[in-house]
Amino acid sequence: MKKALVCGAGGFIGSHLVKKLKKEGFWVRGVDLKHPEFSKTAADDFIIGDLREVEVVKKILDRPFDEVYQLAADMGGAGYIFTGNNDANVMHNSATINLNMAYYGVKAKIKKIFFSSSACIYPAYNQTDPDNPKLSEESAYPAAPDSEYGWEKLFSERLYLSFHRNYGLNVRIARFHNIFGPEGTWRGGREKAPAAICRKVAETPDGGTIDMWGDGKQTRSFLYIDECLKGVRKLMDSDFVGPVNIGSEEMVTINKLAELAMKIAGKKIKIKHIPGPLGVRGRNSDNRLIRKKLHWEPKMKLEEGLKKTYEWVNKQVIKIQE
Ligand code: NAD
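**Details of the layout of surface pockets**
Thought 1: Computed from the structure, the second largest pocket encloses a volume of approximately 160 Å³.
Thought 2: Lining the second largest pocket are His16, Lys19, Lys20, Lys23, Asp226, Leu229 and Lys230.
Thought 3: Looking at the lining of the second largest pocket, the elements that each hand over two or more residues are helix 1 (12-23) and helix 7 (225-237).
Thought 4: Per-element tally for the lining of the second largest pocket: the top contributor is helix 1, with four residues.
Thought 5: Per-class residue counts for the lining of the second largest pocket are one nonpolar, one polar and five charged.

Written as structure tokens, this is what we have:
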């Protein structure tokens, strides 16, 4: 039986990944500061631990795992990453985790490690036009991410690649673009746009008004969790090291995203645009490389994934109101 270690298994993507690996027949160990928030972990073994601590990292790497998925990071939505208030923690916490995992991963002779980087590594100067952002993998340099979160991810990509070159660490690196779905953070300040909009629409009666940061004309693409995990597993099973984008090419404005959520909810709601942290003006996945290397790209329409997410967020809202 193949053995997998999932770091960040209490988080959104990690908890879904554990379920998928279990379905595929892996023995799975999960590690996180916390248990998954919305359902019981599917992991065979779940360790509560802080991956900044060397002793914890040594303890969890007690065997030569076939596959390690390094998803643990100090992160959140725009409200967490772009205010600047969490910069030191974001950089220190996530970099320490990655330094530990690369170094002790080599010592433990792990067979393969996946690292989740982000679209946030791409230079801000290529994302000023909402209709025409440039996010092909090689355009990452000259580097100019618009957040410390992006800089840490870029550093850690390079860290894993250097361990690959110098110590033969078998790495796979993907740059995720806005992953969303059920059982993701939906309130409290770390939630991302799809969950935040679903929550606002669910909480607001027909004819009411919701707040939105900025003019809503900034563009993004969003990838449903199941599609993201398919891509991750395909990358792990391939010989391609990456970095490669894992995202959707269905670019929408945030206004359009809100309209879709309203359509799904069957409500007519007004949008009040207010100042707030925004990030870049335009961002979309560029899937040419993943098509070429993995002969695959995500296909699910945004509306389909958003419907599943809205239904789940709506249930959470109802639960709280009861
Ligand atoms: P998440 O915040 O839900 O999960 C991250 C998990 O890491 C959390 O459960 C957190 O408790 C854990 N963690 C943080 N510090 C830790 C520590 N010191 N020790 C142990 N565990 C720790 O985020 P997610 O959306 O599931 O994202 C997973 C990974 O994918 C992250 O690395 C993130 O940067 C990356 N990513 C996500 C997206 C997205 O849209 N969700 C986009 C780009 C990149």
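**Notes on the packing of aromatic side chains**
Thought 1: Scanning the entire structure with this criterion turns up eight aromatic pairs.
Thought 2: On the numbers, 4.9 Å between centres and 85° between planes, the contact of tyrosine 103 with tyrosine 104 is edge-to-face.
Thought 3: The exposure class assigned to tyrosine 103 is partly exposed, which follows from its relative accessible area of 40%.
Thought 4: Within the aromatic cluster, the residues linked to one another by ring pairs are Tyr69, Phe114 and Phe176.

**Concerning the side chain of glutamate 137**
Thought 1: Inspection of the secondary structure assignment puts glutamate 137 in the loop between strand 5 (113-118) and helix 5 (148-167).
Thought 2: Ignoring anything within four residues of it in the chain, the contact list for glutamate 137 reads Tyr122, Arg175, Pro243, Val244, Asn245, Asp286 and Leu289.

**Quick word on the state of the cysteines**
Thought 1: For the structure shown, the criterion picks out zero disulfides.
Thought 2: The cysteine cysteine 228 is free of any disulfide, with cysteine 120 supplying the nearest cysteine sulfur at 14 Å.
Thought 3: For cysteine 228, a relative accessible area of 0% gives the class buried.

**A word on the domain arrangement of the protein chain**
Thought 1: Assigned domains within the protein chain: domain 1 (3-179 + 223-246) and domain 2 (181-221 + 251-280 + 301-321).
Thought 2: Of the residues lining the interface, 25 residues belong to domain 1; the matching set on domain 2 comes to 25 residues.
Thought 3: Around 2000 Å² of area is buried between domain 1 and domain 2 when both sides are counted, 59% of it from carbon and sulfur atoms.
Thought 4: The tally of links from domain 1 across to domain 2 stands at one salt bridge.
Thought 5: Among the ionic pairs, glutamate 183 bridges to lysine 19, the shortest N-O distance being 3.3 Å.
Thought 6: Linking domain 1 with domain 2 are five residue pairs in polar contact (both at pLDDT 80 or more), by the criterion used here.

What counts, and at which threshold
Residues numbered from 1 in each chain as written. Predicted model: local features only at pLDDT ≥ 70, side-chain atom pairs only at ≥ 80, totals over all residues. Heavy atoms only, no water. 1 Å grid on protein atoms, 1.4 Å probe; cavity = no way out; pocket = protein on both sides within 12 Å on 5 of 7 lines; lining within 4 Å. Points joined across faces, edges and corners; volume = space filled by probe spheres on them. Helix = DSSP H or I, 4+ residues; strand = E, 2+ residues; numbered from the N terminus. Nonpolar A, V, L, I, M, F, W, Y, C, P; charged D, E, K, R; others polar. Phe/Tyr/Trp six-rings, centres within 6.5 Å; stacked < 30°, edge-to-face > 60°. Buried < 20%, exposed > 50% of the residue type's maximum accessible area, 1.4 Å probe, protein only. Contact = heavy atoms within 4.5 Å. Disulfide = S-S within 2.5 Å. Domains from an automatic or database assignment. Buried area = accessible area lost by both parts, 1.4 Å probe. Salt bridge = Lys/Arg side-chain N within 4 Å of Asp/Glu carboxyl O. Polar contact = N/O pair within 3.5 Å; in protein donor to acceptor, adjacent residues only side chain to side chain.

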